[in-house]
Amino acid sequence: MKKTKNNTVRSVALDILLKVEQGSGYSHLLIDQQMKQKTLSHKDEGLLTEIVYGTIQRQMTIDYYLEPFIQTKKSLQPWVTVLLRMSYYQMFFLDRIPDHAIIHEAVEIAKQRGHQGIGSFVNGVLRNVRRKKQRDIADIVNKETRLAIETSHPEWLINRWIDAYGYDTVKAMAEANLIKKPVSVRVQPLKMTRHEAMTVLEKEGYAVEPSKISPQGIVIKEGNILHASLFKKGMLTIQDQSSMLVTEILNPKEHSFVLDTCSAPGGKTTHIAEKMQNKGNIHAYDIHKKKAQKVQDTAKHLGIDIVVANGHDARKLDDYYDAETFDYILVDAPCSGLGVIRSKPEIKYHKTAEDIENLASIQLDILKHVAPMLKKSGTLVYSTCTVDKAENEAVIQQFLTTHDEFTVDESFIQELPVPLQQSNGITKYGLQIFPQTMNTDGFFITRLVRVDREIN
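Small disclaimer: the values here were computed from a predicted structure and weren't measured.

**Q** How would you explain the overall build of the protein if you had to name every residue and give the values?
**A** If you tally the helices and strands in the protein, you get 20 helices and 13 strands. Against the globule reference of 23 Å for 456 residues, the protein gives a C-alpha radius of gyration of 24 Å, in line with a compact fold. Reported as C-alpha extents along the three principal axes, the dimensions of the protein are approximately 75 × 50 × 40 Å. Across the 456 residues that make up the protein, the buried fraction comes to 54%. At a minimum sequence separation of 6, the contacts of the protein that also span at least 24 residues come to 73%. Side chains of the protein carry 58 positive and 56 negative charges; the gap between the two charge centres is 8 Å.

Here is the structure:
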């Protein structure tokens, strides 16, 4: 009999997970692509997202539990391993799907993608897993190893973070990375107020609350915001609250000349324009021209017309601009992304210590090249969506040692929401937001000012 592809939500999840495993796609982009195809119901879209993110988030934990049941199988095909992982996740981390239904569908997928023997193997493993006593993570003696397995973070990363922040902070951070964070959106204030937007959303059935971080922010507690009428009309932008805080700290004034050096996909760029009441000039860049075009398209969708976006390497922008050209500069630097693990869980498995060091070098290089283009008394905000000190505090420390015309503007700390003012992430170099601090992405943000004096 000719085999036909199983198009159930679990089969789709398997395809996505396999692509992520093989490094040929990112989970959030692959899920978005699937949503746009509209082949699944809203209910199945939710299950797909849950299976994909959950399986990746818990991968090391699942592998730890599965290992005794598959160790006799020397060379499993990658798709079989992934199928077992996602089935285990559903059986032990979700409570609304009966085990027998999960096992049945896993076996059907195995038979259709492989053969009867693989189906029997999958059936045997999953039934044994359900029937027999599981290993106990508490039996792992080394607490760093135990935390790594328990929260599915590579041990080298756990140890690196512990060296930087201490065990308790890292434990809280790793545990927070396993919990789904709320979606937040930013209101386009030139079109409507936050109160008006929240009223419309509530009438459409969304559960919402105002952000404590940005006066433009709304936290979506319940409902898929992609289906909201305001989102489709360009009244809302999906943006994490920590990301919104970057522009709040920059705090650009109307009629200013602003440089956004690494602007794609455009969330912060358009937020800057909104803060400026769409009055002034913003020159936005990304090293990739297609991504720069995305910034331009985003601005147009929101009714913003003061943004000019182009593709160019931020380290070579002095090809275009003289010294002391801009009132404000934003360097939202390319980074390891270790603060957004909840949105992109595969990041924690794919990054290396070498990647982090290479990125830190690029970040410092960008700062050094764009800094001269800031006017005296101008403001420069440096931010990343990572929690690694090498990309954050260390970069600023190195920059300041060779640029004594710049200083950290510590006054921005007093402008923060009270919970952040009291955060243990504050140092003399800036603010480190951990995922557990306010249930947002992990971010580093600092505000530098160029003092009005000649360089010695």
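**Q** How would you sum up a positive patch on the surface? Please name residues and give values.
**A** On the surface, Arg 127, Arg 130, Arg 131 and Lys 132 cluster together into a positively charged patch. Its place among the elements puts Lys 132 in the loop between helix H7 (116-131) and helix H8 (143-151). Look at Lys 132 and you get partly exposed, because its relative accessible area is 46%.

**Q** Tell me what's going on with the packing of helix H1 (residues 9-21) against helix H2 (residues 27-37), and back it up with residues and numbers.
**A** The contact between H1 and H2 brings their axes to 10 Å, and the two run at 145°. The crossing of H1 and H2 is right-handed. Contact residues: Val 12, Ile 16, Lys 19 and Val 20 in H1; Ser 27, Leu 30, Ile 31 and Gln 34 in H2. Taken together, the residues that form the contact of H1 with H2 break down as 5 nonpolar, 2 polar and 1 charged.

**Q** Any chance you could break down H1 for me, citing the residues and the numbers?
**A** The end-to-end C-alpha distance of H1 is 18 Å, a good match for the 18 Å that 13 residues give at a rise of 1.5 Å each. Counting buried positions along H1 gives 10 out of 13 residues, so the element sits mostly inside the fold. What H1 keeps buried is the set Val 9, Arg 10, Ser 11, Val 12, Ala 13, Leu 14, Ile 16, Leu 17, Leu 18 and Val 20. Packed against the buried residues of H1 are H2, helix H3 (42-57), helix H5 (78-93), helix H6 (99-113) and helix H16 (347-350). Phi for Gly 23, located one or two positions after H1, is positive at around 75°.

**Q** Pulling in residues and values, what's your account of the layout of surface pockets?
**A** In this model, the second largest pocket occupies a volume close to 200 Å³. Val 12, Asp 15, Ile 16, Gln 34 and Gln 37 are the residues nearest the centre of the second largest pocket, which is lined by 10 residues in total. For the lining of the second largest pocket, the elements supplying multiple residues, two or more each, are H1 and H2. Looking at the lining of the second largest pocket, its residues break down into 3 nonpolar, 5 polar and 2 charged.

**Q** Would you mind going over the sheet that holds strand S2 (residues 207-210) in detail, with residue names and values included?
**A** Sheet architecture is open: 4 strands sit in the order S2-S3-S1-S4, paired in antiparallel fashion. Each edge of the open sheet carries a strand with a single partner, namely S2 and strand S4 (236-238). Ignoring strand direction, the axes of neighbouring strands in this sheet form an average angle of 35°. As judged from the 4 bridges shared by S2 and strand S3 (residues 217-222), these two strands associate in the antiparallel manner. Within S3, the residue paired with Pro 210 across the bridge is Ile 218.

**Q** Describe the side chain of Arg 342, listing the residues and the values that go with them.
**A** In this fold, Arg 342 is placed in the loop between strand S8 (326-332) and H16. Asp 441 provides the closest opposite charge to the buried, salt-bridge-free Arg 342, at an N-O distance of 5.5 Å. Here Pro 435 takes part through its backbone oxygen, which lies 3.4 Å from a polar atom of the side chain of Arg 342. Within the structure, Arg 342 has its side chain in polar contact with the side chain of Asn 439 (distance 2.8 Å). Those residues in contact with Arg 342 that lie beyond four places of it in its chain are Gln 57, Ala 176, Asn 177, Ile 179, Lys 180, Lys 181, Pro 435, Asn 439 and Thr 440.

**Q** Let's hear about the state of the cysteines: which residues, and what values?
**A** The tally for this structure, following the rule as stated, stands at 0 disulfides. Summary of cysteine pairing: Cys 262 is not part of a disulfide, and the nearest cysteine sulfur, belonging to Cys 335, is at 10 Å. Free of any disulfide, Cys 335 has its nearest neighbouring cysteine sulfur in Cys 385, separated by 3.4 Å. You can call Cys 335 buried: its relative accessible area is 17%.

**Q** Pulling in residues and values, what's your account of helix H9 (residues 155-165)?
**A** Among the residues of H9, Leu 157, Ile 158, Trp 161, Ile 162 and Tyr 165 are the ones counted as buried. Seen along its axis, H9 keeps its buried residues to an arc of 135°; they face one direction. Residues of H9 that are buried in the fold lie against H8, helix H10 (167-176), H16 and strand S12 (430-433). Gly 166 occupies a position one or two residues after H9 and carries a positive phi of about 95°.

**Q** Pulling in residues and values, what's your account of the pattern of salt bridges?
**A** Scanning the entire structure with this criterion turns up 22 salt bridges. The shortest N-O distance in the salt bridge between Glu 209 and Lys 221 comes to 3.8 Å. You can see Glu 209 sitting in strand S2 and its partner Lys 221 sitting in strand S3, a full 12 residues away along the chain.

**Q** Which residues make up the packing of aromatic side chains, and what are the values?
**A** Tallying each qualifying case throughout the model produces 12 aromatic pairs. For the pair Tyr 321 and Phe 326, a centre-to-centre distance of 4.9 Å together with 70° between the ring planes defines the contact as edge-to-face. On the basis of relative accessible area, Tyr 321 is assigned to the buried category, the value being 12%. With a relative accessible area of 0%, Phe 326 lands in the buried category. For the ring pair Tyr 382 and Phe 444, a centre distance of 6.3 Å and an interplane angle of 65° mean the geometry is edge-to-face. Taken together, the residues span a long stretch of sequence, with Tyr 382 in strand S9 (residues 374-384) and Phe 444 in strand S13 (residues 443-450) at a distance of 62 residues. Among the aromatic residues, those joined into a ring-pair cluster are Phe 257, Tyr 285, Tyr 320, Tyr 321 and Phe 326. Note that Arg 135 overlies the ring of Tyr 64, its terminal NZ or CZ placed 4.0 Å from the centroid. The residue whose ring lies beneath Lys 143 is Tyr 167, and the NZ or CZ to ring-centre distance is 4.4 Å.

Rules of the game
- Residues numbered from 1 in each chain as written.
- Predicted model: local features only at pLDDT ≥ 70, side-chain atom pairs only at ≥ 80, totals over all residues.
- Heavy atoms only, no water.
- Helix = DSSP H or I, 4+ residues; strand = E, 2+ residues; numbered from the N terminus.
- Rg over C-alpha atoms; globule rule 2.2 N^0.38 Å.
- Buried < 20%, exposed > 50% of the residue type's maximum accessible area, 1.4 Å probe, protein only.
- Contact = heavy atoms within 4.5 Å.
- Lys, Arg positive; Asp, Glu negative; His and termini not counted.
- Charge placed at Lys NZ, Arg CZ, Asp CG, Glu CD.
- Patch = residues over 30% accessible without salt bridge, like charges linked within 9 Å, V, L, I, M, F, W, Y side chains within 5 Å.
- Areas by Shrake-Rupley, 256 points an atom, 1.4 Å probe, with all protein chains shown as cover.
- Salt bridge = Lys/Arg side-chain N within 4 Å of Asp/Glu carboxyl O.
- Axes fitted to C-alpha atoms, helices over the stretch in contact; angles between N-to-C directions.
- Left-handed = near helix turned anticlockwise from the far one by under 90°.
- Nonpolar A, V, L, I, M, F, W, Y, C, P; charged D, E, K, R; others polar.
- Expected span 1.5 Å × (residues − 1).
- 1 Å grid on protein atoms, 1.4 Å probe; cavity = no way out; pocket = protein on both sides within 12 Å on 5 of 7 lines; lining within 4 Å.
- Points joined across faces, edges and corners; volume = space filled by probe spheres on them.
- Pairing = 2+ DSSP bridges.
- Polar contact = N/O pair within 3.5 Å; in protein donor to acceptor, adjacent residues only side chain to side chain.
- Disulfide = S-S within 2.5 Å.
- Arc of directions from axis to C-beta.
- Phe/Tyr/Trp six-rings, centres within 6.5 Å; stacked < 30°, edge-to-face > 60°.
- Lys NZ or Arg CZ within 6 Å of the ring centre and 35° of its normal.

These values are about where atoms sit, not about what they do.
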